[in-house]
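One letter stands for each residue in the lines below.
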Amino acid sequence: MTSGWDSVPSPYVELSRDDWRGLRENTPLPLTPGELDALRGLRDPIDITEVEEVYLPLSRLLNLFFQSDGRLRDTVSEFLGGEVRPTPFIIGVAGSVAVGKSTTSRLLRTLLARWPDHPSVELVTTDSFLYPNAVLSERGIMDRKGFPESYDRRALVRFVSEVKAGAEEASIPVYSHLEYDIVPDAKQTVRRPDILIVEGLNVLQAPPAGALGVSDFFDFSIYVDARVEDIRQWYIDRLFALRRTAFTDPRSYFHKYAHDLDEDETAAFAQRVWRDVNEINLVSNILPTRARATLVLHKDRDHAVQRVRLRRI
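So, here's what we can say about the structure. (Residues numbered from 1 in each chain as written. Predicted model: local features only at pLDDT ≥ 70, side-chain atom pairs only at ≥ 80, totals over all residues. Heavy atoms only, no water.)

## Notes on the nonpolar core
- In terms of nonpolar packing, the biggest core is built from 88 residues, with Tyr-55, Leu-58, Ile-91, Phe-159, Phe-220, Ile-222 and Leu-295 touching the most fellow members.
- Once residues within four sequence positions are removed from consideration, Tyr-55 is found in contact with Ile-46, Glu-50, Thr-104, Leu-107, Leu-108, Leu-111, Leu-297 and Val-305. (Core = buried A, V, L, I, M, F, W, Y, C linked by side-chain atoms within 4.5 Å. Buried < 20%, exposed > 50% of the residue type's maximum accessible area, 1.4 Å probe, protein only. Contact = heavy atoms within 4.5 Å.)

Listed below in structure tokens is the structure:
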């Protein structure tokens with residue numbers, strides 16, 4: 001185990017994969033390979049070994065945090081001389097496009113829901129808080145979709161604060177990746193879960209001065225990390241995979257890319273979008289928030305998590 005304690009002071013302890021997997025202890029594996037297939041994202045090679053060695057220790061840690069949160073609530077109740085009503089434990093998951101944070105979020109939702117203390121686990125993505133394409137076009141920022149200004153930040157903060165305050169239910173818009181837009185009149189309703197996972201590119205971004213940010217309501221946060229050049233290749237590989245699958249659907253916003261462009265043109269398109277949009281967003285807005293996470297999962301070129309950094313103070 002290496003921590004950097006003897007060199008540059010750091011709020012994190014860094015663990016190798018070997019060190020980290022030993023922290024699983026006797027946490028059971030409540031997942032079959034078939035269930036993992038359903039949770040795995042496109043071009044994400046995560047396997048059961050990765051679940052056992054990386055995500056089961058993380059599930060155990062999150063369960064310990066959840067239990068600690070309950071004990072803190074009991075302490076406050078004792079101090080006030082009255083019962084404090086339980087509210088959801090909120091986890092934020094951040095990282096670049098194509099880094100695998102959606103798979104991480106879906107996997108954690110499944111693993112955490114199978115612990116006896118918190119069977120109700122909900123997952124929402126900040127895609128639901130993107131402004132509709134009509135609004136983005138009107139504001140001239142359609143090519144900056146995914147940048148902080150393309151989200152209704154106030155609506156996101158309002159939703160998370162309502163959930164954290166114990167609202168009986170809270171509803172949010174629904175985003176369709178097929179249509180690449182908010183679905184009119186569609187809603188996702190969250191009803192007082194034990195745990196809420198909020199996944200998105202910018203969920204760890206610091207708020208404007210004097211304002212609350214969504215991360216202010218997190219009890220634990222995770223940043224899924226990798227080298228920029230590796231994420232770039234994963235993004236290009238995923239776009240080619242989508243070209244062979246989802247983009248073939250006539251309803252897809254990107255349907256034309258499955259038929260109108262050859263492979264060289266598709267590669268050029270993918271590289272241009274990465275260079276002019278996603279890499280700029282990653283370097284300027286997403287990567288700087290990594291230091292605000294409670295835990296960082298660092299992936300190697302093969303997508304496998306090889307290092308874990310856990311905030312110790």
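Having seen the model, we can carry on.
## Digging into unusual backbone geometry
- At Ala-98, a position not held by glycine, the phi torsion is positive, near 75°.
- Mapped onto the elements, Ala-98 comes out in the loop between strand E2 (89–95) and helix H4 (101–113).
- Despite not being glycine, Arg-192 shows a phi value in the positive range, around 40°.
- Looking at the secondary structure, you find Arg-192 in the loop between strand E5 (181–190) and strand E6 (195–199).
- Relative accessible area serves as the criterion here: at 28%, Arg-192 is assigned to the partly exposed category. (Helix = DSSP H or I, 4+ residues; strand = E, 2+ residues; numbered from the N terminus.)

## Some points on the pattern of salt bridges
- Within the structure shown, the criterion is met by 19 salt bridges.
- In this structure, Arg-21 and Asp-18 form a salt bridge, with 3.0 Å as the shortest nitrogen-oxygen distance. On the criterion of helical spacing, the pair formed by Arg-21 and Asp-18 is a turn pair, its members being three residues apart in helix H1 (residues 17–21).
- Take Arg-21: its relative accessible area is 36%, and that puts it in the partly exposed class.
- With a shortest N-O distance of 2.6 Å, Arg-40 and Asp-37 are connected by a salt bridge.
- Of the residues examined, Arg-40 reaches a relative accessible area of 27% and is grouped as partly exposed.
- Linked by salt bridges that have partners in common, Arg-17, Asp-18, Arg-21, Glu-50 and Glu-53 make up one network. (Salt bridge = Lys/Arg side-chain N within 4 Å of Asp/Glu carboxyl O.)

## Comments concerning the packing of helix H3 (residues 48–80) against H4
- Interhelical geometry of H3 versus H4 gives an angle of 60° and a closest axis separation of 10 Å. The angle between H3 and H4 places the two elements in the oblique class. For the element pair H3 and H4, the recorded crossing hand is right-handed. In this structure, H3 uses Val-51, Tyr-55, Leu-56, Leu-58, Ser-59 and Leu-62 to contact H4, whose residues at the interface are Thr-104, Leu-107, Leu-108, Leu-111 and Leu-112. (Axes fitted to C-alpha atoms, helices over the stretch in contact; angles between N-to-C directions. Parallel < 35°, antiparallel > 145°, perpendicular 65-115°, else oblique. Left-handed = near helix turned anticlockwise from the far one by under 90°.)

## Considering the sheet that holds strand E9 (residues 305–311)
- One open sheet accounts for seven strands, arranged E1-E9-E8-E7-E2-E6-E3; its pairing is mixed. For this open sheet the edge positions go to strand E1 (12–16) and strand E3 (121–125), each flanked by a neighbour on one side alone. Ignoring which end each strand starts from, the neighbouring axes of this sheet average 20° apart.
- As defined by bridge partners, E2 adjoins strand E7 (residues 220–225) across five bridges and the pair is classed as parallel. (Pairing = 2+ DSSP bridges.)

## Some thoughts on a nonpolar patch on the surface
- A cluster of nonpolar side chains, namely Leu-72, Val-76, Phe-79 and Leu-80, defines an oily patch on the protein surface of about 460 Å² accessible area.
- Topologically, Leu-72 is positioned in helix H3. (Patch = residues over 30% accessible without salt bridge, like charges linked within 9 Å, V, L, I, M, F, W, Y side chains within 5 Å. Areas by Shrake-Rupley, 256 points an atom, 1.4 Å probe, with all protein chains shown as cover.)

## What about the side chain of Asn-133?
- Its place among the elements puts Asn-133 in helix H5 (residues 133–139).
- Residue classification places Asn-133 among the buried residues on the basis of a relative accessible area of 10%.
- If sequence neighbours within four positions are ignored, Asn-133 has contacts with Met-142, Lys-145, Tyr-180, Asp-181 and Tyr-253.

## A look at the packing of aromatic side chains
- Inspection of every chain in the model, using the stated rule, returns eight aromatic pairs.
- Of the aromatic side chains, those joined through ring pairs into one cluster are Tyr-180, Phe-247, Tyr-253 and Phe-254.
- Its guanidinium or amino end placed over the ring of Tyr-131, Arg-139 lies 4.4 Å from that ring's centre, counting from NZ or CZ.
- The ring centre of Tyr-180 lies 3.6 Å from the NZ or CZ of Lys-145, which sits over that ring. (Phe/Tyr/Trp six-rings, centres within 6.5 Å; stacked < 30°, edge-to-face > 60°. Lys NZ or Arg CZ within 6 Å of the ring centre and 35° of its normal.)

## A look at a negative patch on the surface
- Together, Asp-262, Glu-263, Asp-264 and Glu-265 give the surface a local cluster of negative charge.
- For Glu-265, the position within the fold is in helix H9 (residues 263–286). (Lys, Arg positive; Asp, Glu negative; His and termini not counted. Charge placed at Lys NZ, Arg CZ, Asp CG, Glu CD.)

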